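Spelled out from the first residue to the last, the chains are:
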Amino acid sequence: MKSILFLSLLFVFTSCKVVKPYDMVNINDPDMLLANKKCERFETNFQIYREGASGANGGKSGGGCGCN
Amino acid sequence: MAENRAVVVAVINKKNMFPMTNDKFTNRIWLTVSLLTVGLGFGQTENNEYKKRVLETAEIDYVMSYYTQDGSHASVTGGIGTEKLEDITPTFIIALPLNSDDVLTIDAGISAYSSASSSNLDPFDASGASGGGHDDDDDRAVYAGVSGTPWAASSGASAQDVWSGVTINFSHSSDDRDFSWNAQASFANEYDYTSIGFGGGLSQQFNEKNTSISLTGLVFLDNWNPKYPTEIDSYFEAGSNLNNGFFGPIDILNQSGNIINKNGPNAWQPHVDQLITDTARRTFTGALSFSQILSKNLQLLLSVDLVRQQGWLANPMQRVYFSDKPNFYVGNPSSIPNYTSPKNRDVFQLGDDIERLPSARTKLPFGARLNYYITSSLAVRTYFRYYQDDWGLVSQTASIELPVKFGFGKYTLYPNYRYYTQTAADYFAPYEGHLSTSNFYTSDYDLSAFSSHQIGLGFNYTDVFAKMKFLGFGLKSVDLRYNYYDRSDGLTANITSMGIKFVMD
């Protein structure tokens, strides 16, 4: 937990030169989205059913059905 | 508005400014200038308040998947048996802009499945062999009584089911779009389970939208309508008397294939004298994520969830067989020596108990995504997760996807690969691997130690202008995906997904 926090602060305060809005064309490309596509939700669901781990991927992490 | 007031004052003061002029021409000039200024004033007011809408127009996504799997470690039959399953999941997601800041999203769908494993909640068919699968007519001729097998689907009522669910989400964004919040409520139902969920989240962007932090909280208040293995359920229904109810007309066999004395002291009986004691399952999830743009082509997301579950966390459908208890069967005695072989088509072992797991579980997954834009036609999407919980399960997940654009960006291919590995939960042991002296036990291979590989390909077509029309809606994008999944315990799965996005004209 501490290392995650440390890494977060590191990126905020030291590592990054601010990218201006007019330079965000590539970052705003749909394939650069930091999340799964809508139709990937079913893959995430079956992985939750067939594997012991879940969460930290924007999908379900437990509850909502009897399978997890 | 201040400008408008100034114009009115100027008109009123006109006579004072030009006391000697009173001709119509001068008045017309003043009137024209005044109206133009007022008009410009209103125009400027509107421009100052103009905001790009969070969602320009209503969108409808139709997404669905077709999933099949097969394996030989069914948890309903205690860690052996067919895991054949099919599932189809049509779902609609409708997003409605309520105004420039607010969006209402309705997500409704079903998951209709047929499962050989679930059907064996009641594996006993009166025909002499379980239906479906690869039944051998010669075997049927040998034994004509009640029997079952973990290696084929039975005609049990639990062979098919439909999960249906709806989630309603409201989101609001601030005027500068740096801050947003959302609230959601959900309801889901299947024949043995009901779920009510609610929650919400906050998201804040800063550092000129280069950095974002989000916080989400979700609560699920779920409830079992428990269904038990039929022999265990029937035993309690008949008042623990093997001469009544389901077992009344049926012979029970021992390991040697001999018919037992149902009134004897060593006759079969379930390990415990009570089933589910708490039908509730509660899940509390807190999620924190942090994203950072690292350069014009690189961005990162770090996330951590904290999940606490309480209540009945085991599945009451799943049998467990103990190694320190004698085995009892219903069916063809000559098939008992081949019980663990898929060749067994007509004998079924009576369960010792349902799986039992602790009434609380805490999960702690850490996730990271790193996406890199290489060229206008190639990007790299990566994901890694480390997970651990207090049931002793530790896992790592790594995946990579390489979107390749072509056709002037209208088409994209998505080759992808995912690797997953996990250790076993403390309470897992295979078929006949548990001792009855344990407090907790499961033979669910989803909680066993294994690794898996998933490989697939996706395709996307996007028309930003949505020129193709259907019933007043423009087709914005089409997604197709296929993935093959291979687990080291022998389970394999195929999943085909599609998504179609329409936008209102």
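Presented here is an overview of the structure given in this document.

Here is what the cut-offs are and how they apply
Residues numbered from 1 in each chain as written. Chains lettered and ligands numbered in written order. Predicted model: local features only at pLDDT ≥ 70, side-chain atom pairs only at ≥ 80, totals over all residues. Heavy atoms only, no water. Helix = DSSP H or I, 4+ residues; strand = E, 2+ residues; numbered from the N terminus. Buried < 20%, exposed > 50% of the residue type's maximum accessible area, 1.4 Å probe, protein only. Areas by Shrake-Rupley, 256 points an atom, 1.4 Å probe, with all protein chains shown as cover. Contact = heavy atoms within 4.5 Å. Buried area = accessible area lost by both parts, 1.4 Å probe. Salt bridge = Lys/Arg side-chain N within 4 Å of Asp/Glu carboxyl O. 1 Å grid on protein atoms, 1.4 Å probe; cavity = no way out; pocket = protein on both sides within 12 Å on 5 of 7 lines; lining within 4 Å. Points joined across faces, edges and corners; volume = space filled by probe spheres on them. Nonpolar A, V, L, I, M, F, W, Y, C, P; charged D, E, K, R; others polar.

1. Describing the overall build of chain A
Here comes step 1: A tally of helices and strands in chain A yields two helices and zero strands.
Here comes step 2: Taken over 68 residues, chain A has a buried fraction of 49%.
Here comes step 3: Taken as a whole, chain A presents about 3400 Å² of accessible surface, with 66% of it coming from carbon and sulfur.

2. A short note on the side chain of B:Thr285
Here comes step 1: Topologically, B:Thr285 is positioned in strand β9 (residues 280-295).
Here comes step 2: Dropping the residues within four chain positions of it, B:Thr285 is found in contact with A:Ser61, B:Thr216, B:Gly217, B:Leu218, B:Leu306 and B:Val307.

3. Some points on the interface of chain A and chain B
Here comes step 1: Taken together, the contact pairs 49 residues of chain A with 84 residues of chain B.
Here comes step 2: Here chain A meets chain B over a buried area of about 5600 Å², counting both sides, of which 54% is carbon and sulfur.
Here comes step 3: At the junction of chain A with chain B, the criterion picks out 10 salt bridges.
Here comes step 4: With a shortest N-O distance of 2.9 Å, A:Lys38 and B:Asp61 are connected by a salt bridge.

4. Quick notes on empty space enclosed by the protein
Here comes step 1: For the structure on display, the rule yields two cavities of 30 Å³ or more.
Here comes step 2: Estimates place the volume of the largest cavity at around 370 Å³.
Here comes step 3: Around the largest cavity sit 26 residues that line it, and A:Asn36, A:Glu40, B:Tyr383, B:Ser399 and B:Arg418 are the ones nearest its centre.
Here comes step 4: Where the lining of the largest cavity is concerned, the elements lending two or more residues are α2 (41-50) of chain A together with β15 (360-375), β16 (378-389), β17 (394-401), β19 (411-422) and β22 (473-487) of chain B.
Here comes step 5: Partitioning the lining of the largest cavity into residue classes produces six nonpolar, 11 polar and nine charged.
Here comes step 6: Of the pockets and cavities examined, the second largest cavity occupies roughly 40 Å³.
Here comes step 7: Contributing to the lining of the second largest cavity are A:Asp29, A:Asp31, A:Met32, B:Tyr373, B:Thr375, B:Ser376, B:Ser377, B:Leu378, B:Ala379, B:Pro403 and B:Lys405.
Here comes step 8: Looking at the lining of the second largest cavity, the elements that each hand over two or more residues are β15 and β16 of chain B.

5. Details of α2(A)
Here comes step 1: Taking burial as the measure, the 10 residues of α2(A) include seven buried ones, the bulk of the element.
Here comes step 2: Among the residues of α2(A), A:Phe42, A:Glu43, A:Thr44, A:Phe46, A:Gln47, A:Ile48 and A:Arg50 are the ones counted as buried.

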